[in-house]
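# Tertiary structure, described
Listed below, chain by chain, are the residues.
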Amino acid sequence: MTEKEIVNDLSWKIGGEAGMGILNAGMMFAKIAMRGGLFSIAHAIYPSLIRGGHNHLDVRVNSEKIYSHRKEVNVLVALNKETFDVHKEKLTGGAGVIYDHDEYPIQESELPKKDIQLIPIPLLKLSNQFGGRIMRNTVAIGATIALVDYDLTLFNDILQQTFAKKGEKVVQDNIGAAKAGYDFVKSTLRHSFKYTLKKEHQKNFMLISGNEAISLGAVRAGAKFIAAYPMTPASSIMMTLAKWAQQYGIVVKQTEDEIAAMNMVVGANFAGVRALTATSGGGFSLMVEAFGLAAITEVPLVVVEAQRPGPATGMATQSGQGDLHFVLHAAPDDFPRIVIAPGDIIECYQEAIRAFNLAEKYQLPVVLLTDKYLGESYWSIEEFDTGKVKIDRGKLLTDEQAEQQQNYLRYKLTSDGVSPRAIPGQKNCMHTASSYEHNEEGHEDELEEVRIAMAEKRYKRFEATQKEFSDPELVGDKGAEVTIIGWGSTKSGILEAMKSLKRDKIKVNYLQIKYLSPFPTKKVAEIIKKSKKTALVENNQSGQLGALIKMHTGLSLDHTILKFDGRPFFPHEIYDEIKKIVKR
Amino acid sequence: MEKDIGSGQVPTWCPGCGDYVILGSLKAAITELGLDLHNTVIVSGIGCGSKTPHFIRAYGFEGLHGRTLPVATGIKLSNHELNVIVIGGDGDGYGIGGNHFMHTARRNLNITYIIQNNEVYGLTKGQYSPTSMKGFVSPSTPEGALEEPVNPITLSISAGATFVARSHSMDLGYTKQMIKEGIQHKGFAVIDVFQLCPTYNKIINAQFFRENLYKLGPDHDVTHKVKAFEKGLEHYPKIPYGVFYKEEGKPTYEEGLPQLKEKVLVKQNISAVDISPLLKKFR
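Residues numbered from 1 in each chain as written. Chains lettered and ligands numbered in written order. Predicted model: local features only at pLDDT ≥ 70, side-chain atom pairs only at ≥ 80, totals over all residues. Heavy atoms only, no water.

A few words on unusual backbone geometry. All names here are of chain A. With an omega of -10 degrees, the peptide bond running from Gly310 to Pro311 counts as cis. Relative to the helices and strands, Pro311 is located in the loop between β13 (301-307) and α11 (324-329). The amide bond that connects Ser517 to the next residue, Pro518, takes the cis arrangement and shows omega of 0 degrees. In this structure, Pro518 sits in the loop between β21 (515-517) and α17 (521-530). Phi is positive for Asn428, close to 70 degrees, though the residue is something other than glycine. Within the fold, Asn428 resides in the loop between α14 (399-403) and β17 (432-434). (Helix = DSSP H or I, 4+ residues; strand = E, 2+ residues; numbered from the N terminus.)

All names here are of chain A. Entries for chain A in the domain assignment read domain 1 (6-203), domain 2 (209-382), domain 3 (399-467) and domain 4 (474-583). Centre-to-centre, using C-alpha coordinates, domain 2 lies 26 Å away from domain 4. Each partner contributes residues to the interface: domain 2 has 28 residues there, and domain 4 has 23 residues. For the pair domain 2 and domain 4, the summed buried area comes to about 2,100 Å², and 54% of that belongs to carbon and sulfur atoms. Between Glu347 and Lys491 there is a salt bridge, with its nearest N and O atoms 2.7 Å apart. Between domain 2 and domain 4 we count 17 residue pairs in polar contact (both at pLDDT 80 or more) in total. When residues of the side of domain 2 that touches domain 4 are traced back to their parent elements, those giving at least two are α11, β14 (338-340), α12 (345-362), β15 (365-371) and α13 (372-376). (Domains from an automatic or database assignment. Contact = heavy atoms within 4.5 Å. Buried area = accessible area lost by both parts, 1.4 Å probe. Salt bridge = Lys/Arg side-chain N within 4 Å of Asp/Glu carboxyl O. Polar contact = N/O pair within 3.5 Å; in protein donor to acceptor, adjacent residues only side chain to side chain.)

The next thing to look at is the packing of aromatic side chains. Per the stated rule, a full pass over the model turns up 21 aromatic pairs over all chains. Their ring planes at 85 degrees and their centres at 5.3 Å tell us that Trp13(B) and Phe55(B) sit as a pair that is edge-to-face. Placement of the pair is Trp13(B) in the segment before α1 (18-33) and Phe55(B) in the loop between β1 (40-44) and β2 (59-62), with a sequence separation of 42 residues. Classification of Trp13(B) by relative accessible area gives buried; the value is 8%. Relative to Phe101(B), the ring of Tyr94(B) lies with its centre 5.6 Å away and its plane at 80 degrees, an arrangement referred to as edge-to-face. The buried category is assigned to Tyr94(B), whose relative accessible area is 7%. Across the ring face of Phe335(A), the terminal group of Arg337(A) is positioned such that the distance to the ring centre comes to 4.2 Å. Above the face of the Tyr174(B) ring, Lys215(B) is positioned so that its terminal group lies 4.3 Å from the ring centre. (Phe/Tyr/Trp six-rings, centres within 6.5 Å; stacked < 30°, edge-to-face > 60°. Buried < 20%, exposed > 50% of the residue type's maximum accessible area, 1.4 Å probe, protein only. Lys NZ or Arg CZ within 6 Å of the ring centre and 35° of its normal.)

The next thing to look at is helix α2 (residues 68-78) of chain B. Taking burial as the measure, the 11 residues of α2(B) include 11 buried ones, the bulk of the element. Three or more residues of α2(B) are buried, namely Thr68(B), Leu69(B), Pro70(B), Val71(B), Ala72(B), Thr73(B), Gly74(B), Ile75(B), Lys76(B), Leu77(B) and Ser78(B).

Residues and elements named next belong to chain B. Sequence separation between Trp13 and Val43 is 30 residues; the distance between their C-alpha atoms is 19 Å. When near neighbours in sequence (up to four residues on either side) are disregarded, Trp13 contacts Asp19, Tyr20, Leu23, Cys48, Gly49, Thr52 and Phe55. Among the polar contacts listed, one links the side chain of Trp13 to the backbone oxygen of Cys48, at a separation of 2.8 Å.

Here we take up the confidence of the model for chain B. Considering every residue of chain B, the mean pLDDT works out to 96; 99% of them sit at 70 or more. Two numbers describe this predicted complex: its pTM, 0.97, and its ipTM, 0.98. (pLDDT = per-residue confidence, 0-100.)

Before going further, it helps to examine the interface of chain B and chain A. The interface of chain B with chain A comprises 54 residues on the first partner and 70 residues on the second. Counting the surface lost from both chain B and chain A, the interface buries some 5,200 Å², and carbon and sulfur atoms represent 62% of this. Between the two partners, chain B and chain A, sit three salt bridges. Measuring nitrogen to oxygen at the nearest pair gives 2.9 Å for the salt bridge that ties Glu444(A) to Lys51(B).

Written as structure tokens, this is what we have:
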């Protein structure tokens, strides 16, 4: 092949039916890349079923930091014909298709471009020598490693670690299957392949999803109780914490429904344990009344809302950002809540810790708003610094302090609205927390002046939280032609698009709004006013952040780039739109 | 233990309301058992009787309508050394909270659940409740209720409660005794207290209680699940009360959690949790 070789810039896709081990294979390939010192991202798209359907997973690999998956495919592992048919248009020049010619032949005439290599491998035949058809993905990864001229020992190590528990035979079968795929390609490949991977200096990396990062943050913050009901894409938080429960003394309670989950978490927090729940929009709908209960009883609360498209069941396994207004306004009447939208893995970890501190310090509910893309995709990142973390329990009384209380008032009116908090088991501070409006003691009280004082008290705490949040910052070029504004997981697509725009010498910058409540009105208004052109990027239909900005600042944004097909942005989609805006 | 464990708050229930008797029974039970008030949490829902926590100087949580048991579960798992007593009405427990009732019963947490069962919605002015008799005429069922009523006893037994009793609000002493036995029972104890609502339930009155209720005799075998269930099926016109079922020695939910063996959850030190061993799994 005469074309120039492309080293360490690869988009690999594996596809097949649910039940073929697509996710495991993808995770392994992303780890193989990472352990060779490369950056990798794994993003899966799968339907809401257990068998059949079309599952596919992208792994993107690069020697430089990458933020997002992308559309184009350089190596396609098609475990069935459908995978080829659905994704062939994404194949780039010089790309290769690994498939089983014996099982589902693909003709040269079916290729959308001339310079795509078909790489027929007897996946089934080879896998049958090592434990059966479930090994096809292992054979295919071995084949990929040969194709891109990478290091098979990295894969062997992972297979060893992954299957050690299942015994030496399983390990050796897997290693054998990988080698069979590798050897087959090495012996049959007619000419060198355009895309290659080369090991680089090993880095202190880990491959981790947003849900796992939040789980780590929760454990680090001292969360000891999670009550939840399974709901994609949040379930892996409960399952991750369940894995660590014995080691860290965490109680994980799967409940009968989300109503129970949220009420249990309110009960646990009332009793003094840092507790959380995790769900998606549908589950949060059921939790809403108890979300208000936490607010009026001034019980700390952390809830992760990992968004998926709705309404109702919507698209259970897809991604979106349609719940921003929902969480901002959930539950009757006015009351303050903190809403934080992490944009990447490290923010998932850090903001989870912050959420627990803020919830206790200000005794109010905190929402961590993520989505399927951030929650369930995997990024290779530098290991967290898990050392320095301040655990701030606010005005929670120690047992000694509680014992010294005289005429304790749970809802005492204070200058910052935050009252000293006692928990059951502490002497001299017995009180009743009530879902009714109440007086300083906690007893039901509907007098006008009591109501006003309590409602104002609740908001005072919110005002006090403002000092906890840093202003949002503009990243990117000064004097930008376009200022991109977004929140949450669109960060990945935006930063990736900005890399391409930079190559085109187009000046852009990016305002990520991470803290949505309280809203950083002053700074956002200032940035918008100074911008030449603004472009809103959101994974929803109506541009909910845009409406929020308008509500708080009175300012409208110039352009909107919205996507609501249930899939996260590909960087090129943002790139193309920004180019159009610049030309206008 | 002080004699008066009242909070100083005064109930505003209707004259003759069974809630007064149940409150008195609960206070006497707590006092006689010598429970530490600071180690006792009374959880309620929404309804006339759910105002009970405000009248006792223990910790209290008056939560949402129907959500008493999940809140109590969260409290109990966070600090299983606390005495957790749940109190709420028939609508709260068997209606809107029915799902939680079933699932909490099968978990067998060491929680005592008292249901103030007056077969009517009082706070919302007299609509029929899940335990109202078939044909009960109410503002929402002017032609009479069509459903069969919930049977609290058989429901509790089949759902897995390990202590199931009924008392009634015209007998403070016996109600106190049932509550005491429920608190002392290790496991999920249900005490359905049949009570008067003189304002909205004109059928269940003192005369009805006298004519229809009878106390279970010593011949009833409380350890026999099938017989307990059979007794529970006896409903109208003759309604038995007393302890129907008692299963001792069954491990509680909290006993099944090794992470609670050493210390209660809330006492764990969270100031410097070392998560570095977990990071290795992601390499």
